[in-house]
Amino acid sequence: MTEELDYEQARDQLAEVVAKLETGGLSLEDSLALWERGEALAKVCDQHLAGARERIEKALAAVESPDRK
């Protein structure tokens, strides 16, 4: 399920997880489950950002290429 989220969805859910963890009052088990969920969401965000970075680098390389006509 996490893999199907777009960047904004993953980022928003990650923010919710962080807010819940920061408020405290959770059991250790609930805190660990939220932490694991947060790690998975952060990974999804990183993957989206890496993909965007790659697309930008390719676009810049195409523009800067001396073979461009």
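Shown above is the structure to which this text applies.
Position numbers for residues count from 1 along each chain, tracking the sequence in the order it is written. Whole-chain, interface and lining totals are the exception, using all residues; otherwise, since this is a predicted model, local features are given only for residues with pLDDT of at least 70 and side-chain atom pairs are given and counted only at 80 or more. The side-chain values count all of the structure's non-hydrogen atoms but skip hydrogen atoms and water molecules.

Colleague: I tried to follow the pattern of salt bridges on my own but got confused; where do I start?
Modeller: Where charged atoms of side chains with opposite charge meet at close range, the side chains can pair. Salt bridge, as applied in this entry: a Lys or Arg side-chain nitrogen positioned within 4 Å of an Asp or Glu carboxyl oxygen. Within this structure, the stated rule accounts for two salt bridges. Notably, a salt bridge pairs Asp 12 with Arg 11, separated by 3.1 Å at the nearest N-O pair.

Colleague: Would you explain helix α1 (residues 7-23) in this entry?
Modeller: Residues lying three or four places apart along an α-helix face the same way, a consequence of the helix completing one turn every 3.6 residues. Each helix is a run of DSSP H or I of at least 4 residues and each strand a run of E of at least 2, with the numbering of both proceeding from the N terminus. Helix span, expected: 1.5 Å multiplied by one less than the number of residues in the helix. Taking 1.5 Å per residue as the helical rise, α1 with its 17 residues ought to reach 24 Å, and the 24 Å between its terminal C-alpha atoms agrees with that figure. What qualifies as a polar contact is a pair of N or O atoms within 3.5 Å, subject to a donor-acceptor requirement within protein and to the restriction that residues adjacent in sequence count only when both atoms come from side chains. For α1, the side-chain oxygen to backbone nitrogen distance between the N-cap and Glu 8 is 3.2 Å, and the N-cap itself is Asp 6.

Colleague: Is there a simple way to explain helix α2 (residues 28-64) in this structure?
Modeller: Between the first and last C-alpha of α2 there are 53 Å, a value that for 37 residues agrees with the 54 Å anticipated at 1.5 Å per step. Within α2, burial applies to Leu 34, Gly 38, Leu 41, Val 44 and Cys 45. Looking at the buried side of α2, the elements it contacts are α1. Only protein chains enter the accessibility calculation, which uses a 1.4 Å probe; a residue is then buried when its area is under 20% of its type maximum, exposed when over 50%, and partly exposed in between. Contacts are assigned to residue pairs with any non-hydrogen atoms lying within 4.5 Å of each other.

Colleague: How should the nonpolar core be read in this particular structure?
Modeller: Soluble, globular proteins show a tendency: their nonpolar side chains are buried together. Counting residues in hydrophobic clusters, the biggest one holds seven residues: Leu 5, Ala 10, Val 17, Leu 34, Leu 41, Val 44 and Cys 45. Per-element accounting of this core gives the leading share, four residues, to α2. With residues up to four places along the chain from it excluded, the contact list for Val 17 reads Leu 34, Arg 37, Gly 38 and Leu 41. For the purposes of this section, nonpolar cores are sets of buried Ala, Val, Leu, Ile, Met, Phe, Trp, Tyr and Cys residues that join through side-chain atoms within 4.5 Å.

Colleague: What exactly am I supposed to notice about the environment of Glu 57 here?
Modeller: Here Glu 57 is to be found in helix α2. With 32 residues separating them in the primary sequence, Glu 57 and Gly 25 have C-alpha atoms 44 Å apart.

Colleague: In this structure, what is going on with a negative patch on the surface? I would like to understand it.
Modeller: For patches, a residue must show more than 30% relative accessible area and have no salt bridge; joins then use 9 Å for like charges and 5 Å for nonpolar side chains, namely Val, Leu, Ile, Met, Phe, Trp and Tyr. For the area figures, the Shrake-Rupley method with a 1.4 Å probe applies, and any residue is considered shielded solely by the protein chains shown. Counting rule for charge: Lys and Arg are taken as positive, Asp and Glu as negative, and neither His nor the chain ends is counted. In plain terms, the charge of a residue is placed at NZ if it is Lys, CZ if Arg, CG if Asp and CD if Glu. Together, Glu 29, Asp 30, Glu 36 and Glu 39 line one region of the surface with negative charge. Summarising the element assignment, Glu 36 is placed in helix α2.

Colleague: Quick question: what am I supposed to make of the environment of Val 63 here?
Modeller: Among the secondary structure elements, Val 63 is positioned in helix α2. The sequence separation of Val 63 and Ser 27 amounts to 36 residues, and the corresponding C-alpha distance is 54 Å.

Colleague: Quick question: what am I supposed to make of the environment of Gly 24 here?
Modeller: Mapped onto the elements, Gly 24 comes out in the loop between α1 and α2. Separated by 36 residues in sequence, Gly 24 and Leu 60 place their C-alpha atoms 45 Å apart.

Colleague: Looking at this model, I keep getting lost on the packing of α1 against α2. Mind explaining?
Modeller: In this analysis, axes come from line fits to C-alpha atoms, helices being fitted only over the stretch in contact, and the angle between any two N-to-C directions falls in the range 0 to 180 degrees. Packing of α1 against α2 leaves a shortest axis separation of 9 Å and a crossing angle of 150 degrees. For the element pair α1 / α2, the angle class is roughly antiparallel. In this structure, α1 meets α2 at a crossing whose hand is left-handed. Contacts between α1 and α2 pair Tyr 7, Ala 10, Arg 11, Gln 13, Leu 14, Val 17, Lys 20 and Leu 21 from the former with Ser 31, Leu 34, Trp 35, Arg 37, Gly 38, Leu 41, Ala 42, Val 44, Cys 45, His 48 and Leu 49 from the latter. Oblique is the label for every angle not falling under 35 degrees (roughly parallel), over 145 degrees (roughly antiparallel), or within 65 to 115 degrees (roughly perpendicular). It is the rotation of the near helix from the far one that decides the hand of a crossing: anticlockwise by less than a right angle makes it left-handed, clockwise makes it right-handed.

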